[in-house]
Amino acid sequence: MKKTALYDKHVSLGAKIVPFAGFEMPVQYSGVTEEHFAVREKAGIFDVSHMGQFFIEGASAKDLLQFVTSNNVDALENGKAQYSCLPNETGGIVDDLIVYKIEDEKYFVVVNASNIDKDWNHIAKYNEKFGAKMTNASDEMSLIAIQGPKATEILQKLTDTDLSAIPYYHFSIGSVAGFSDVIISNTGYTGSGGFEIYFDNKFAEQLWDALTEAGKEFGLIPCGLASRDTLRLEKGFCLYGNDIDDATSPLEAGLGWITKFDKDFVNKAFLQNQKTEGVSKKLVGFEMQEKAIPRHDYEVVDAEGNVIGKVTSGTMSPMKKIGLGLAYVDKPNFKIGSEIFIRIRNKDIPAKVVKLPFV
């Protein structure tokens, strides 16, 4: 198992460590609910250094990314980031990712930890035609997320970069706590606002300590993977391996908004045809109508007990205090307001399809 540069810090803080995507990662510190509410109401700090980072450079860098990703890279200007995915050749998704345009002919790509090698090989396969310079910096870089309504105030104490001048899904490169060349990105996976900062591994512990100290007066606490999951689920954000994978298309997953057909890309014809004909199943949000907690892989059934889908993510929402989740549901049961049932220990518990986000 790999360890991030902050592993010793997590152990010293008493975090519960679990294996995740090939890494020893902190799943929680003080408790999932406390960490969840800290991010919703104040601020939390996460180590997400297990994520993968690639640099794509050269005259053909944009053309390569334009072809392998679903979104339109032409829409990127310097200092802007873009959520996208890598379509595969069979209608599914290799991974979801963020593409950053640092400057003309230089891009920064952030991918999921479990897919680093798979993504690298997929992009490299198509790069044989384009010839861009590819650098895998995943083992050299760390990533800390400061999330929550107080995150900007905390980070601003440590940088001369005007954070208010960085809009959502934009970034700047500057100094934080005296360390230079830090990518300061107005992004995150919690839906509560905040920043993600990318930097060299050797600065990891000092930056963590500086951020923790700066955040004390605002109620900042360390947070683990468990609260990261409940936070993203309340906002309806997809998790690769649960809600999207090699067998789910971007259109089925509700990611048509990052699938742009005004350019050529991998397997465009298949997805164009799927858009024209419509999808037979769709990822939806649902809320339980009785006290129950839905879990990954639970069956979704209709009123007659026919299996019409499968839960991909589920939890008890700390904010709403009800069970909720995401599921792929067959047509026509994926319409907002549809009554569905989640099969839990051989009992069919009523649920309703709702509009995302949940909170």
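Residues numbered from 1 in each chain as written. Predicted model: local features only at pLDDT ≥ 70, side-chain atom pairs only at ≥ 80, totals over all residues. Heavy atoms only, no water.

Participant: How should I be thinking about the UniProt feature "domain: GCVT N-terminal" (unreviewed entry) in the chain in this particular structure?
Facilitator: Per the UniProt record, the feature "domain: GCVT N-terminal" (unreviewed entry) sits at residues 6-263. Strand forms 31% of residues 6-263 and helix 26%; the C-alpha atoms that close the span are 41 Å apart. (UniProt positions renumbered as here; feature names shortened; annotations may be inferred. Helix = DSSP H or I, 4+ residues; strand = E, 2+ residues; numbered from the N terminus.)

Participant: Teacher, can you tell me more about the UniProt feature "binding site: substrate" (unreviewed entry) in the chain here?
Facilitator: Mapped onto this structure's residue numbering, the UniProt feature "binding site: substrate" (unreviewed entry) falls at Glu 196. Note that Glu 196 resides in strand S13 (residues 194-200). Taking the relative accessible area as the measure of exposure, Glu 196 reaches 7% and is therefore buried. In contact with Glu 196, not counting residues within four places along its chain, are Tyr 100, Leu 143, Ile 144, Ala 145, Gln 147, Ile 183, Ile 184, Ser 185, Thr 187 and Gly 188. (Buried < 20%, exposed > 50% of the residue type's maximum accessible area, 1.4 Å probe, protein only. Contact = heavy atoms within 4.5 Å.)

Participant: What should I look at first to understand the sheet that holds strand S14 (residues 221-222) in this one?
Facilitator: Working definition: the strands of a sheet are paired by backbone hydrogen bonds and lie parallel or antiparallel to each other. Spatially, S11-S12-S13-S10-S4-S14 is the arrangement adopted by the six strands of the open sheet, whose pairing is mixed. The sheet terminates laterally at strand S11 (171-176) and S14, the two strands that pair on one side only. Bridge count between strand S12 (residues 179-185) and S13: three bridges; the pairing is antiparallel. Each residue of the ladder has a partner; that of Ser 185, found in S13, is Glu 196. (Pairing = 2+ DSSP bridges.)

Participant: Help me out: how do you make sense of the packing of helix H3 (residues 61-68) against helix H4 (residues 116-130) in this one?
Facilitator: In helix packing, the relevant descriptors are the interaxial angle and the interaxial distance, both defined with respect to the helix axes. Close contact between H3 and H4 brings their axes to 10 Å; oriented N to C, the two are set at 130°. The angle between the axes of H3 and H4 places the two elements in the oblique class. The way H3 lies across H4 gives a crossing that is right-handed. In this structure, H3 contributes Asp 63, Leu 64, Phe 67 and Val 68 to the contact, and H4 contributes Ile 123, Tyr 126, Asn 127 and Phe 130. Looking at the contact of H3 with H4 residue by residue, the classes come out as six nonpolar, one polar and one charged. (Axes fitted to C-alpha atoms, helices over the stretch in contact; angles between N-to-C directions. Parallel < 35°, antiparallel > 145°, perpendicular 65-115°, else oblique. Left-handed = near helix turned anticlockwise from the far one by under 90°. Nonpolar A, V, L, I, M, F, W, Y, C, P; charged D, E, K, R; others polar.)

Participant: Would you explain the pairing of strand S5 (residues 52-57) in this entry?
Facilitator: Across a regular strand the side chains alternate sides, sitting on one face of the sheet and then on the other. Counting buried positions over the six residues of S5 gives six, a clear majority of the element. Every second residue of S5 is oriented toward a common face, with Gly 52, Phe 54 and Ile 56 on one face and Gln 53, Phe 55 and Glu 57 on the other, all of them buried. In this sheet, strand S9 (residues 133-136) lies alongside S5 in antiparallel orientation, the contact comprising four bridges. Each residue of the ladder has a partner; that of Ile 56, found in S9, is Met 134.

Participant: Quick question: what am I supposed to make of the domain arrangement of the chain here?
Facilitator: By a frequent convention, interface size equals the accessible area lost on bringing the separate parts together. Each assigned domain of the chain is listed with its residue range as follows: domain 1 (2-49 + 139-235), domain 2 (52-136) and domain 3 (280-353). Placing the centre of domain 2 and that of domain 3 at their C-alpha centroids yields a distance of 34 Å. (Domains from an automatic or database assignment.)

Participant: Help me out: how do you make sense of helix H2 (residues 32-41) in this one?
Facilitator: Since the α-helix advances by 3.6 residues per turn, residues separated by three or four positions end up pointing in the same direction. Restricting attention to buried positions, one finds in H2 the residues Glu 35, His 36, Ala 38, Val 39 and Arg 40. Where H2 is buried, its residues touch strand S3 (23-28), strand S4 (44-47), strand S10 (141-147), S14 and helix H7 (225-234).

Participant: Help me understand the pattern of salt bridges in this model?
Facilitator: Side chains carrying opposite charge are able to pair once their charged atoms draw close together. By the definition in use, this model includes 17 salt bridges. A salt bridge links Lys 125 to Glu 89; the shortest N-O distance between them is 3.0 Å. Within this pair, whereas Lys 125 is found in helix H4, its partner Glu 89 is found in the loop between strand S6 (80-87) and strand S7 (93-103), the two being separated by 36 residues in sequence. Here Lys 125 falls in the partly exposed class, since its relative accessible area comes to 42%. Residue classification places Glu 89 among the partly exposed residues on the basis of a relative accessible area of 38%. Linking Arg 232 and Asp 229 is a salt bridge whose minimum nitrogen-to-oxygen distance equals 2.9 Å. Of this pair, Arg 232 and Asp 229 both sit in helix H7, three residues apart, roughly one helical turn. (Salt bridge = Lys/Arg side-chain N within 4 Å of Asp/Glu carboxyl O.)

Participant: Help me out: how do you make sense of the nonpolar core in this one?
Facilitator: One broad trend across soluble globular proteins is that nonpolar side chains are buried collectively. Core analysis: the biggest nonpolar cluster contains 39 residues, and Tyr 100, Phe 108, Tyr 198, Ile 244 and Leu 255 have the highest contact counts within it. Within the residue set of this core, elements represented by two or more residues are H2, S6, S7, strand S8 (106-111), S10, H7 and strand S18 (323-330). Here this core gets four residues from one element, more than from any other, and that element is S7. The contacts of Tyr 198, once residues within four sequence positions are left out, are Gln 53, Tyr 100, Phe 108, Val 110, Met 141, Ser 142, Leu 143, Asp 181, Val 182, Ile 183 and Ser 185. Among the nonpolar cores identified, the runner-up in size contains 28 residues, and Ile 144, Phe 179, Ile 184 and Leu 211 belong to it. (Core = buried A, V, L, I, M, F, W, Y, C linked by side-chain atoms within 4.5 Å.)

Participant: Explanation requested: empty space enclosed by the protein in the structure shown.
Facilitator: Left-over empty space is what a probe sized like a water molecule reveals as it rolls over the atoms. What the rule picks out here adds up to one cavity of 30 Å³ or more. Quantified by volume, the largest cavity comes out at close to 30 Å³. Along the walls of the largest cavity sit Met 25, Pro 26, Phe 46, Asp 47, Val 48, Cys 223, Gly 224, Leu 225 and Arg 228, which together make up its complete lining. Secondary structure elements with two or more residues in the lining of the largest cavity: S3, S4 and H7. Per-class residue counts for the lining of the largest cavity are six nonpolar, one polar and two charged. (1 Å grid on protein atoms, 1.4 Å probe; cavity = no way out; pocket = protein on both sides within 12 Å on 5 of 7 lines; lining within 4 Å. Points joined across faces, edges and corners; volume = space filled by probe spheres on them.)

Participant: Mind showing me how you'd approach the sheet that holds strand S2 (residues 16-20) here?
Facilitator: Read from one edge of the open sheet, three strands run S1-S3-S2, paired in mixed fashion. Each end of this open sheet is capped by a strand with a single partner; those strands are strand S1 (2-3) and S2. Of the pairings in the sheet, the one linking S2 to S3 comprises five bridges and is antiparallel in character. For Val 18, the partnering residue across the bridge sits in S3 and is Met 25. The sheet contacts of H7 involve S2 and S3, and relative to S3 the element is tilted by about 65°.

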